[in-house]
Amino acid sequence: MAAPVLRCFSRGRWFGTPGPSGVLLLGPREAHSGAQGLLAMQKARGLFKEFFPETGTKIELPELFDRGTGNFPQTIYCGFDPTADSLHVGHLLALLGLFHFQRAGHNVIALVGGATARLGDPSGRTKEREALEPERVRSNARALRQGLESMVANHQQLFANGRTWGSFTVLDNAAWYQKQHLVDFLTAVGGHFRMGTLLSRQSVQTRLKSPEGMSLAEFLYQVLQAYDFYYLFKHYGCRVQLGGSDQLGNIVSGYEFIHKLTGEDVFGITVPLITSTTGAKLGKSAGNAVWLNREKTSPFELYQFFVRQQDDLVERYLKLFTFLPLPEIDHIMQLHVKEPEKRGPQKRLAAEVTKLVHGQEGLDSAKRCTQALYHSSIDALEVMSDQELRELFKEASFSELVLDPGTSVLDTCRKANAIPDGPRGHRMITEGGVSINHRQVTNPECVLVVGQHILKNGLSLLKIGKRNFYIIKWLQL
């Protein structure tokens, strides 16, 4: 029995039933240019890095995506372990890969690793992950599903390309592992894996040579990922696994397991890992994650992360992180050569990614915050919500005050605990160290005026010195 579907999005619908080898044979859809329009194009964009097995990907894999072979459309999956309650920028390329397949008419699966997260993937790690409590993993898995579903909805609503898309399904591997008994699983599955082969994986070799070594739980991770691939092949006709380049060893284990059991060929495709300027992989473990959950990284912060990208990276990132056609990217870069000070490519990159992750509202919020912070825009401040102000000025103190008749600048600063009592606080105002809503105030006795010191949304942004912000929400206006 197939695992329960948590959510399925599609611009079309499922047609037909599984064929003889488990490949889903669907009804006619709009013609697509097959491998040249998908595999070769994404290779040219730099999104698809490696194909496995090499001997089969020159002919068999392109044929798999060729409508003329009768196998079209295909099912592709990528796994995401809920070791945190949000995905991050490091996961985006794998998601973009799934979206490109979906846009070409194929069916894709995002597999949340509600079971495998408890073991911890050793790939690319120098030490074992901290063990997570079962309820924490379940909570993280729910949050990941919500994040995935939100992004899929944004993609469907804001990035339509006029073609009939395949489906996007979210599954959790806890659905099938919770039914497994350990001895039964090892008896049925374990005999198909050779220790020498498992030990030869680079991720295993690296950890075995480290001072900490490798636990049995981590060592068995590749077995469970291989079984995931087999399960999805058997129940969903999935022939292709997508993953980061550090996942190649795990993908190979799945290929060998399926080939041994069924004699069928499956395939792996990797996407490049995104690293920081120091070469470190972006992610939770490295401590440099840029999260996709608004509660952890605001739309403004995500937008600014991409706006700040260097000129020598931005063209590559436009190809990797957006759906923009290559000719349009070329045009954007040509304009950039003429007017580099405008940072046009960075702004377009930031807009496309923020819109995909947070929707149009998130992009609008990011632009408002940018105007308010970097361009001292009063108009932007006046339409900002409490949430946006708190996101923008994370370190700012937030106060709720009642506006009494005759409330002065000095009264406001003291009630917000923004200046010290006595003459020193008074001098900070008279010497120009205080501004309200980006306007400098030098008269401590000046009475607050609604529309000037208090914005239409009932808020005041108080700034002391160069970096200290205080947000005041006025009550009973």
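Structure: see above.
Report on the accompanying structure. The structure displayed is predicted, hence computed values, not measured ones. (Residues numbered from 1 in each chain as written. Predicted model: local features only at pLDDT ≥ 70, side-chain atom pairs only at ≥ 80, totals over all residues. Heavy atoms only, no water.)

### Side note on the sheet that holds strand β9 (residues 434–436)
Worth spelling out the cut-off: The rule for pairing is simple: two strands pair if DSSP sees at least two bridges between them. Per the convention used, a helix needs a DSSP run of H or I reaching at least four residues, while a strand needs a run of E reaching at least two, with both numbered from the N terminus.
Pairing within the open sheet is mixed, and its 5 strands lie in the order β8-β12-β11-β9-β10. Only two strands of the sheet have a single partner each, and these edge strands are β8 (397–402) and β10 (439–440). Where β8 meets strand β12 (residues 468–475), 6 bridges bridge the pair, whose relative direction is parallel. For L401, the partnering residue across the bridge sits in β12 and is W474.

### Brief notes about unusual backbone geometry
Cis rather than trans, the peptide bond between F52 and P53 has omega equal to -5°. You can see P53 is positioned in the loop between β2 (50–52) and α3 (54–57). The backbone of R343 shows a phi angle near 50°, a positive value even though the residue is not glycine. With respect to the helices and strands, the residue R343 is situated in the loop between α16 (326–338) and α17 (344–374). With a phi close to 70°, H438 is a non-glycine residue in the positive phi region. By secondary structure assignment, the location of H438 is in the loop between β9 and β10.

### Observations regarding the environment of L363
This is how it is decided: Any two residues whose heavy atoms approach within 4.5 Å at even a single point are treated as in contact.
With respect to the secondary-structure elements, L363 resides in helix α17. C-alpha of L363 to C-alpha of A350: the two residues are 13 residues apart in sequence and 8.9 Å apart in space. What L363 contacts, discounting residues up to four positions off in sequence, is Y303, A351, T354 and K355.

### Concerning the packing of helix α15 (residues 311–321) against α17
Selection criterion: Lines fitted to C-alpha atoms define the axes here, with helix axes fitted over just the stretch in contact, and angles between the N-to-C directions of these axes take values from 0 to 180 degrees. In this scheme, a crossing is called left-handed if the near helix is turned counterclockwise away from the far one by less than a right angle; it is called right-handed if the turn is clockwise. As a working rule, the residues Ala, Val, Leu, Ile, Met, Phe, Trp, Tyr, Cys and Pro are called nonpolar, Asp, Glu, Lys and Arg charged, and the rest polar, with Gly in that last group.
Orientation of α15 relative to α17, taken along the N-to-C sense of each, is 30°, at an axis distance of 9 Å. By crossing handedness, the relation of α15 to α17 is classed as left-handed. Contacts from D311, V314, Y317, L318 and F321 of α15 reach α17 at P345, Q346, L349 and V353. Class assignment of the residues belonging to the contact of α15 with α17 gives a composition of 7 nonpolar, 1 polar and 1 charged.

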